[in-house]
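One-letter residues, chain by chain:
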Amino acid sequence: MSRVGRMPIAIPAGVTVTIAENNQVTVKGPKGTLERVLPQEMEIKQEGSEITVERPNDLKKMKSLHGLTRTLINNMVIGVTEGYSKVLEINGVGYRAQKSGKKLTLTLGYSHPVEMEDPEGVEAAVDGNRITVTGIDKEKVGQYAADIRSQRPPEPYKGKGIKYIDEHIRRKAGKTGATA
């Protein structure tokens, strides 16, 4: 049995979970509301302040959907209570970020500034050379952070570019002088 899938999900106080037909799960909490349609094969049960996910049989597809469904519901519960955040760091001479309203402007050594609009439910904040992306939907936060990073990924020689704060960049040695 799936170790992740069989763990119950504890619902904290102040969070309401509604399971409609076709496995449409709605989670309401202090930070907002998240809604998602989950695989219909899975059986989602709410008993008191716990949610359990059960699978109909032991086919490979059902096993993989079991853990996925449980994790998606758990991420929704964590999102509406605590929220998610990713921190990116800009390294490089002249590389900067500015925030005005919902628009993030990145100066990354191109001939033009890169402008990005915050997606719905996600917010980016700039503090010096750090960009903090926050929101209640883990998927949207991760995707927006990845989109920002993809504008100028870190390069291995000088380490210039946008990287996650906990990311380690493998450095390479540059060119060496030729001996004749």
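Only a predicted model underlies this, so the values are computations on that prediction, with no experimental measurement involved. Along each chain, residue indices are assigned from 1 in the same order as the chain's sequence is written. In keeping with the predicted nature of the model, local features appear solely for residues at pLDDT of at least 70, side-chain atom pairs appear and are counted solely at 80 or more, and the whole-chain, interface and lining totals rest on all residues. The basis for the side-chain values is all heavy atoms of the structure; hydrogens and waters are excluded.

Enquirer: Give a detailed account of the overall build of the protein, specifying residues and quantitative values.
Expert: Note on conventions: DSSP H or I runs of at least 4 residues are helices, E runs of at least 2 residues are strands, and numbering of each starts at the N terminus. When its secondary structure is counted, the protein shows two helices and 13 strands. Overall size of the protein, expressed as C-alpha extent along the three principal axes, is 75 × 45 × 25 Å. Counting the 180 residues in the protein, one finds 34% classified as buried. Should any heavy atoms of two residues lie within 4.5 Å, those residues are counted as being in contact. At a minimum sequence separation of 6, the contacts of the protein that also span at least 24 residues come to 50%. Exposure was quantified through the Shrake-Rupley algorithm and a 1.4 Å probe, taking into account, for residues, occlusion by the shown protein chains and nothing else. For the protein, the accessible area works out to roughly 11100 Å², and carbon and sulfur atoms hold 48% of it. Lys and Arg are tallied as positive, Asp and Glu as negative. Neither His nor the chain termini are counted. Charge positions are represented by NZ for Lys, CZ for Arg, CG for Asp and CD for Glu. Measuring between centres, the 28 positive side-chain charges of the protein sit 9 Å from its 22 negative side-chain charges. Exposure classes here rest on a 1.4 Å probe applied to the protein chains alone. A residue is buried below 20% of its type maximum, exposed above 50%, and partly exposed in between.

Enquirer: A description of the environment of Ile9 should follow, citing residues and the corresponding values.
Expert: On the secondary structure map, Ile9 appears in strand 1 (residues 9–10). The exposure class assigned to Ile9 is buried, which follows from its relative accessible area of 1%. Taking C-alpha positions, Ile9 is 6.3 Å from Asn74, a pair spaced 65 residues apart along the chain.

Enquirer: Residues and numbers for the environment of Lys175, please.
Expert: Tracing the chain through its elements places Lys175 in the segment after strand 13 (161–164). The class of Lys175 is exposed, set by a relative accessible area of 88%. As for Lys175 and Glu21, which are separated by 154 residues in sequence, their C-alpha atoms are 62 Å apart.

Enquirer: So what's going on with the packing of aromatic side chains? Which residues, and what values?
Expert: For Phe, Tyr and Trp, rings pair up if their centres lie within 6.5 Å, where Trp contributes its six-membered ring, and each pair is then called stacked (planes under 30 degrees apart), edge-to-face (over 60) or tilted (otherwise). Applying the stated criterion across every chain yields a total of zero aromatic pairs. The residue whose ring lies beneath Lys86 is Tyr164, and the NZ or CZ to ring-centre distance is 5.3 Å. Here, a charge over a ring is recorded when the distance from Lys NZ or Arg CZ to the ring centre is within 6 Å and its angle to the ring normal is within 35 degrees.

Enquirer: Tell me what's going on with helix 1 (residues 60–81), and back it up with residues and numbers.
Expert: The length a helix should cover is 1.5 Å for every residue beyond the first. Its 22 residues place the ends of helix 1 33 Å apart at the C-alpha level, agreeing with the 32 Å of an ideal helix rising 1.5 Å per residue. Positioned one or two residues after helix 1, Gly83 has a phi angle of 85°, which is positive.

Enquirer: Can you tell me about the pairing of strand 6 (residues 50–54), naming the residues and giving the values?
Expert: Strand pairing is assigned whenever DSSP detects at least two bridges linking the two strands. Relative to strand 6, strand 1 runs antiparallel, the two being bridged by two bridges. Counterpart to Ala10 in the pairing with strand 6 is Glu50. Linkage of strand 5 (residues 43–47) to strand 6, two consecutive antiparallel strands, is achieved through a turn of two residues, within which Gly48 is found at a positive phi near 65°.

Enquirer: Describe the sheet that holds strand 12 (residues 130–135), and please don't skip the residues or the numbers.
Expert: Read from one edge of the open sheet, four strands run 11-12-7-13, paired in antiparallel fashion. The sheet is open, and its two edges are formed by strand 11 (122–127) and strand 13, each paired on a single side. Ignoring which end each strand starts from, the neighbouring axes of this sheet average 25° apart. In this sheet, strand 13 lies alongside strand 7 (residues 84–91) in antiparallel orientation, the contact comprising four bridges. Of the residues in strand 13, the one forming a bridge with Asn91 is Gly161. Helix axes use the C-alpha atoms of the stretch in contact, all axes being lines fitted to C-alpha atoms, and the angles between their N-to-C directions lie in the range 0 to 180 degrees. Strands strand 7, strand 11, strand 12 and strand 13 of the sheet are contacted by helix 2 (residues 138–150), whose axis makes an angle of about 5° with strand 7.

Enquirer: Describe unusual backbone geometry, naming the residues involved and giving the relevant values.
Expert: Not every positive phi belongs to a glycine, and Asn22 is a case in point at roughly 60°. Summarising the element assignment, Asn22 is placed in the loop between strand 2 (16–20) and strand 3 (24–29). Phi is positive for Asn23, close to 55°, though the residue is something other than glycine.

Enquirer: Residues and numbers for the pattern of salt bridges, please.
Expert: Any Lys or Arg side-chain nitrogen found within 4 Å of a carboxyl oxygen on Asp or Glu counts as a salt bridge. A full pass over the atoms with the stated rule returns eight salt bridges. Lys45 is paired through a salt bridge with Glu43; the nearest N and O atoms lie 3.4 Å apart. Given the relative accessible area of 28%, Lys45 is considered partly exposed. Owing to a relative accessible area of 42%, Glu43 belongs among the partly exposed residues under this scheme. One salt-bridge network, held together by shared partners, links Glu43, Lys45 and Glu54.

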